[in-house]
Amino acid sequence: MKLKTFKIGGVHPPELKTAPSDRIITAPLPMEASVLLRQHIGAEAKPIVKVGDQVSRGQKIAQAPGAISANVHAPISGKVKSIAPVATLQGRPTNAILIVATADDHDADEKARNAAPVPKDCNNLAPKDITDAITEAGIVGMGGATFPTAVKLTPPPGSKAEILIINGCECEPRLTCDAALMRCHPDEVMAGIDLLRRGAQVDRAVIGIEDNKPNAIAAMTAAAKRYPGISVQVLRTKYPQGGEKQLIQAITGREVASGALPISVGAIVQNVATAYATYQAIALSQPLIERVVTIDAIGNFLVAIGMKTSAISADIPQPTAETNPTVAAIDVVAGGPMMGQSVVNIDGPVTKGFSGLSFVNNPLQFEPAPCIRCAECVRACPMALEPYLISTYGRKGCPEEAKAIGALDCIECGSCNYSCPSARPILDYIRLAKMRIRALK
Ligand code: SF4
Ligand code: SF4
């Protein structure tokens, strides 16, 4: 049988998914955590604690100032030591609340964390109870987009959602954290999907999983049997199938127009990790204070948000490619190799949208050659753009021309870069073009 996938463009890079997905290792809670106040799309959360306060694990420590923002909670118990900027994985200073635990705090937290969970009965919750609980728990899209989840579940007046699509594709090479969640916690993920479905007030939910994850497909298909209206759709493995527009087209055949949102075709898209976080928030009363991340070739870890990334595993190499490309052949990337960003500060804190680390060949080793007009980038583009031309406009500083040919539709998937035989940094210049277009406003 021919498997469904999206129609235009796409590539199939080597999957290299060597981090085992049949097991999630629980990393010990850290003795200190730097919790960023902005780890989501939207406004920075406002601290509601002060230096010197004692906080408990799971306590809200920063409040979203509006709808497009997210609450932030303490991932460990301890004392607030500072509220000040810290360097992210990319080295950007970002305001954070630093919590430091005592040995007693730490022992009590570990004991509570390891106790067998007792889920609440969620059967009688109204849609608004569900979306309010998701807002309160600070849940955002955990596939990387970090858009506040409850906002997505609540379409604007005049729009009606018909289908909830759950992204279980994990089409990025090397990452296996979503597959690990589906294999190790299928019932909890499915319960979370059911809560998201009820919160969005839709009858039907479909989980899209690529055919390179047979164990996840089997686990989720078995779990879905208990939920009428929820089904698994197996998709042909193709990158970037996890892009919202690509996934909607693959599953429903509907096309989201340029500049439009998924709700314009009646769809809402969420990620499997977001579904799991929703289950934890509502059934277990645990806000978003930890998540599962992949450490390339090493494993999948349940980690506290705010802990130092370098502390997840002793086997993580130090990134040196950015600072000295002639010495390092390996670049450490936050996320997958296609869409991830180079890490310059491996001590940067884990955030809600952090899916893991990939270790890849340093692209700075490859000298770009002139464009040979082969159009491979055009064939690869899932948004039917002309990447080489947008890139040229970006390089030459022509934002209006770049905008006119759809630069803002670029989803920054990197398929053009991957397919270019001249190793041109197409996406870097497209990002530049997009920045200059936004500056026009
Ligand atoms: S132009 Fe943008 S959407 Fe198209 S392949 Fe390149 S990065 Fe992806
Ligand atoms: S793939 Fe590279 S060489 Fe070919 S047209 Fe695009 S930019 Fe030029």
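Everything numeric in this text was worked out from a predicted model, so none of it was measured.

Q: Requested: an account of the packing of helix H10 (residues 387-396) against helix H13 (residues 426-440), with residues and values cited.
A: One can describe the packing of H10 onto H13 by two numbers: an axis separation of 7 Å at closest approach and a directional angle of 60°. Accordingly, the angle class assigned to the pair H10 and H13 is oblique. The interaxial crossing formed by H10 with H13 has left-handed handedness. Two secondary-structure elements touch here, H10 through Pro387, Tyr388, Ile390, Ser391, Tyr393, Gly394 and Arg395 and H13 through Ile426, Tyr429, Ile430, Leu432 and Ala433. Of the residues in the contact of H10 with H13, the class split is nine nonpolar, two polar and one charged.

Q: Could you give an account of the site of ligand 2, naming the residues involved and the relevant values?
A: In the vicinity of ligand 2 lie 14 residues, with Cys371, Cys374, Cys377, Tyr388 and Cys420 positioned nearest. A class-by-class count of the residues in the shell around ligand 2 yields nine nonpolar, two polar and three charged.

Q: How would you sum up the environment of Leu125? Please name residues and give values.
A: Along the chain, the position of Leu125 falls in the loop between helix H1 (103-114) and helix H2 (127-136). Note on Leu125: 16 C-beta atoms within 10 Å, which makes it partly exposed. C-alpha separation for the pair Leu125 and Leu195, spaced 70 residues apart in sequence, amounts to 8.9 Å.

Q: Pulling in residues and values, what's your account of the pairing of strand E17 (residues 356-361)?
A: In summary, the side chains of a regular strand alternate between the two faces of the sheet. Pairing geometry for strand E13 (residues 290-295) and E17, over two bridges, is parallel. Among the inter-strand pairings, Ile295 is bridged to a residue of E17, identified as Leu357. Here strand E15 (residues 330-334) pairs with E17 via five bridges, running antiparallel. The residue of E17 that forms the bridge with Ile330 is Asn361.

Q: Just give me the short version of the domain arrangement of the protein chain, but keep the residues and values in it.
A: It is common to give the size of an interface as the accessible area that goes away when the parts come together. Each domain of the protein chain was delimited in the assignment, giving domain 1 (127-283) and domain 2 (376-440). Here domain 1 and domain 2 have C-alpha centroids that lie 28 Å from each other. Tallying the contact residues gives five residues for domain 1 and six residues for domain 2. Across the side of domain 1 that touches domain 2, the residue classes tally to two nonpolar, three polar and no charged.

What counts and what doesn't
Residues numbered from 1 in each chain as written. Chains lettered and ligands numbered in written order. Predicted model: local features only at pLDDT ≥ 70, side-chain atom pairs only at ≥ 80, totals over all residues. Axes fitted to C-alpha atoms, helices over the stretch in contact; angles between N-to-C directions. Helix = DSSP H or I, 4+ residues; strand = E, 2+ residues; numbered from the N terminus. Parallel < 35°, antiparallel > 145°, perpendicular 65-115°, else oblique. Left-handed = near helix turned anticlockwise from the far one by under 90°. Contact = placed C-beta atoms within 7 Å. Nonpolar A, V, L, I, M, F, W, Y, C, P; charged D, E, K, R; others polar. Near = placed C-beta within 6 Å. Buried ≥ 20, exposed ≤ 12 C-beta atoms within 10 Å, placed from the backbone. Pairing = 2+ DSSP bridges. Domains from an automatic or database assignment.

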